[in-house]
Each structure stands twice: as structure tokens, then as C-alpha cells.
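Observations on the model geometry
The lines below spell out each chain.
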Amino acid sequence: LVSPMAGASDSAALGIEATEVESKEREYDADFLKKMIGRIDWASFAAAAKTLEVSEGIPATRDALDEGDDTMMRKIHHALLEVNVVTGNLICTETGRKFPIQLGIPNMLLNQDEL
Amino acid sequence: RTPTSPPAQSSSMSRPEHLAPPEIFYSGDEAKKYATNSRMREIQTTLSERALQLLALPEQGSFLLDVGAGSGLSGECITESGHYWTGCDISKDMLEVAVEGGVEGDMVLNDMGQGLPFRPGSFDGCISISAIQWLCNAETSQANPYKRLGIFFTSLYRCLTRGGRAVLQWYPENPQQMELVTSTAMRCGFGGGLLVDYPHSTRAKKYFLVLYAGQREGGKPHAMPQALG
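About the criteria used
Residues numbered from 1 in each chain as written. Chains lettered and ligands numbered in written order. Predicted model: local features only at pLDDT ≥ 70, side-chain atom pairs only at ≥ 80, totals over all residues. Heavy atoms only, no water. Helix = DSSP H or I, 4+ residues; strand = E, 2+ residues; numbered from the N terminus. Buried < 20%, exposed > 50% of the residue type's maximum accessible area, 1.4 Å probe, protein only. Contact = heavy atoms within 4.5 Å. Core = buried A, V, L, I, M, F, W, Y, C linked by side-chain atoms within 4.5 Å. Pairing = 2+ DSSP bridges. Axes fitted to C-alpha atoms, helices over the stretch in contact; angles between N-to-C directions. Buried area = accessible area lost by both parts, 1.4 Å probe. Salt bridge = Lys/Arg side-chain N within 4 Å of Asp/Glu carboxyl O. Polar contact = N/O pair within 3.5 Å; in protein donor to acceptor, adjacent residues only side chain to side chain. Nonpolar A, V, L, I, M, F, W, Y, C, P; charged D, E, K, R; others polar.

1. Thoughts on the overall build of chain A
Along its length, chain A carries 3 helices and 4 strands. Secondary structure elements of chain A occur, N-terminal to C-terminal, as β-α-α-α-β-β-β. Scored against the burial criterion, the 115 residues of chain A give a buried share of 43%. By sequence separation, contacts in chain A at least 24 residues apart represent 62% of the contacts at least 6 residues apart.

2. Focus: the environment of A:T19
Residues and elements named next belong to chain A. Mapped onto the elements of the fold, T19 is located in strand β1 (residues 14-23). A relative accessible area of 70% places T19 in the exposed class. C-alpha separation for the pair T19 and C92, spaced 73 residues apart in sequence, amounts to 18 Å. Setting aside residues no more than four positions away along its own chain, T19 makes contact with T87 and G88.

3. Concerning the nonpolar core
In terms of nonpolar packing, the biggest core is built from 60 residues, with A:I76, B:L65, B:L116, B:F152, B:F153, B:L156 and B:L168 touching the most fellow members. Counting residues in hydrophobic clusters, the runner-up holds 23 residues, among them A:I105, B:A69, B:M107 and B:I127.

4. Notes on the sheet that holds strand β1 (residues 63-67) of chain B
Residues and elements named next belong to chain B. Spatial ordering of the open sheet is given by β3-β2-β1-β4-β5-β7-β6, a layout of 7 strands whose pairing is mixed. In this open sheet, the two strands that pair with only one neighbour each are β3 (106-109) and β6 (191-197). Taken pair by pair, the neighbouring strands of this sheet meet at an average axis angle of 15 degrees, ignoring direction. With 6 bridges joining them, strand β4 (residues 123-129) and strand β5 (residues 160-170) adopt parallel strand pairing. Following the sheet pairing, S128 is matched in β5 by L168. Taken strand by strand, helix α5 (residues 73-80) contacts β1, β2 (84-89) and β4, and its axis lies near 170 degrees from that of β2.

5. Things to note about the pairing of strand β7 (residues 206-213) of chain B
Residues and elements named next belong to chain B. For β7, the tally of buried residues reaches 8 of 8 residues, placing the bulk of the element in the interior. Strand direction decides the pairing type here: β5 and β7, joined by 7 bridges, are antiparallel. Directly across from W170, in β7, lies its bridge partner Y207.

6. Describing the interface of chain A and chain B
By a frequent convention, interface size equals the accessible area lost on bringing the separate parts together. Every contact between the two is made by 26 residues of chain A and, on the other side, 32 residues of chain B. Buried area between chain A and chain B, both sides added, is near 2400 Å², and the carbon and sulfur share of it is 53%. Connecting chain A to chain B are 4 salt bridges. Put simply, A:R26 and B:D106 hold a salt bridge, and the shortest N to O gap is 3.8 Å. For the pair chain A and chain B, the number of links is 11 residue pairs in polar contact (both at pLDDT 80 or more). If you list the elements that add at least two residues to the side of chain A that touches chain B, you get α1 (30-39) and β4 (105-106) of chain A. In terms of residue count, α1(A) provides more of the side of chain A that touches chain B than any other element does, 4 residues in total. The residue inventory of the side of chain A that touches chain B, partitioned by class, reads 13 nonpolar, 6 polar and 7 charged.

7. Let's talk about unusual backbone geometry
With glycine set apart, most residues show a phi of negative sign, and most peptide bonds adopt trans. Residues and elements named next belong to chain B. At S130, a residue that is not glycine, the phi angle is positive and equals roughly 55 degrees. In the Ramachandran plot, Y198 falls in the positive-phi region, its phi being about 50 degrees despite a non-glycine side chain. Counting through the fold element by element, Y198 comes out in the loop between β6 and β7.

8. Points about the sheet that holds strand β3 (residues 98-102) of chain A
Residue and element names in this part refer to chain A. Strand order across the open sheet formed by 4 strands is β1-β2-β3-β4, with antiparallel pairing between neighbours. Bordering the open sheet on either side are β1 and β4, each of which pairs with just one other strand. Both β1 and strand β2 (residues 83-92) contribute to a ladder of 9 bridges, which runs antiparallel. The partner of G15 across the bridge, within β2, is I91.

9. As for the side chain of B:Q169
Residues and elements named next belong to chain B. Looking at the secondary structure, you find Q169 in strand β5. Of note is the side chain of Q169, whose polar atom sits 2.8 Å from the backbone nitrogen of S130. Once residues within four sequence positions are removed from consideration, Q169 is found in contact with L47, S128, I129, S130, A131, K206, Y207 and F208.

The following block contains the structure:
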């Protein structure tokens, strides 16, 4: 997800904060995981993983990622695909605007004056 | 002058978007009813499977966007066919029905007319079942359907990978609307066009916007698929 804020750039990153987190087991699929790793903003992911305290074993930069390291890949799988914020906020890093998350669903609706 | 009696069935009765904005129409009990009505489920499932067929995905394990994912019906079809997905919808109640029912895809509450809030090149493809006609209404005095359609298609183009396809099933109200939506998609860079299944049957006729976001590197050029009937 990126910030839909009108003033923010095309790829304005979103930070995260959570008051309720859950973990939902998902079947490990190496090809899909590699595909997703290629599409996310690694810095945002690493920061989110740190905030949610699941960053152990996850490199801070994508360069340090070793796709052949199964343990590392499984930790990334867990943080990226299994850990969900149930209640919390996504935060636009450019404007500070918070997008609330409830029941695991982020509310990205912009108000009339934000369009 | 004596008043005439109202028509037995006005066109508004059969077009939900004339009654209320989607987040109101699909709220509360209506959301639950929609999700459990077996005829509705059957129709939506058939449409979803056809849309997936039209997507002609090159491999398993694609990552798709489901626009107007609502109660998660179409998403379930995506999961059944071996792909991953993220869904978005404007109705909080419909999304909650989906999440409570347990769906594989992540759900996002948003208004597609405000843009799809995803990183460029996120998705291999997109499907949408019975959703985009809602973009053609002006829900507030400030909302401009032309602008919203443009924002939607521009952001959709951007969040697809190069060569990705979008298949959007919808119910055009009239030929003008058909032209407006199709030409807006083309203006935003998409190739492809409108495909009509069963064009000679009023009852069975179904409209799909089949769109291509550029060409895959080294991939086969796109060709419009065959319509049914």
C-alpha cells in the first residue's frame, strides 16, 4: 500500500503502528514470496517489522537478503504474510496523516478536503 | 389533470446505483443478505470464473487485485484457481462480512474513484465483478464522474505490472456510459476493449472490459479473447 494523500508522491511510504496484532498461518510458497519481495518497498517493510517486533533475522536492506537462506526466507514469510495488524494505523510518512486499521482492514478513504 | 399511476417497474428498481451510494446500499443487513443469497452467489461465481478465464494468466501463483471485492465471493474464486489476491471495496460492512467469513486475501477499505493506493507494478492482473458502474454516479455535489473514472483507470494502469491485464465485468446503463468508460480506459493508456458475452440475449448478455497495461517483455502480444454465444 502507498499513501493516497493528494500531496504525497506516487510512492509515498506508509509507516505502521498497532495496538492489536495477530498471526495467521499461511502456506510457505517460495516463488510467491520472492515475487512479493521484489514488489514491496523494503525499507517500509523492515521498519514495520521492527515496529511489530518481528524483525529478528530480517535484514535492514534488500541487498543483505540471501534468497538461498531458508531460515531468513521463512522469517520474512512470517513477517510479510502471516503477521497482521488487527487494530492500529498506517501513517503517511510525507504528511503524517493516519489511516486507521480495524478488523485488519485499513481505511484508506480520503475526506472531501483531502482530494 | 389526473395523475397517472407509476410504471410497474421503473428503471431505478433494477439499478441499485440509483437508490443509494454503494457504501449505503451494501450496508448492514443488506451486506449479509447479498453474501448469503444463493442465486447471487451463483451469478457472481460464474462471472468471477469467466473473468479469470479472460485474464489468461500465464502461470499459477499470480498476485491479483480484486476491485469491489465486497463480501469476498470473487476472491474465493481467485483462491480456488491457485492465485493470490488483495481486495478493495468502499463498503465497510461488506468487507467485514468477508473478513469474518475468512478469506485468503487482504482487504482494503477505499474509494476507487480516489485512486487505488498501491505501489506501481504491484499486481499481475486485476478482476472486478459488478463494481465499476458505481463510478458513473456523482454521489456528492463535488464528485465528478469523469474525473473519478480517469483517476481510477490511471491508478489501475500504474499498479499493474507491464503486460498485466484487467478484466472488469460491469453493467453499463446505456451506450453513452459504455462509451465513456471504455474511452476513459483507453485514454489512460490501456489497450483492449469491451467484450460482450451472449450479445443476442437480453437476459444472458454480460459486459467485460478487457484491458492490457502495456506489453510484457518478450511476451506474446495481447489479442482480444473470444466472446461467448
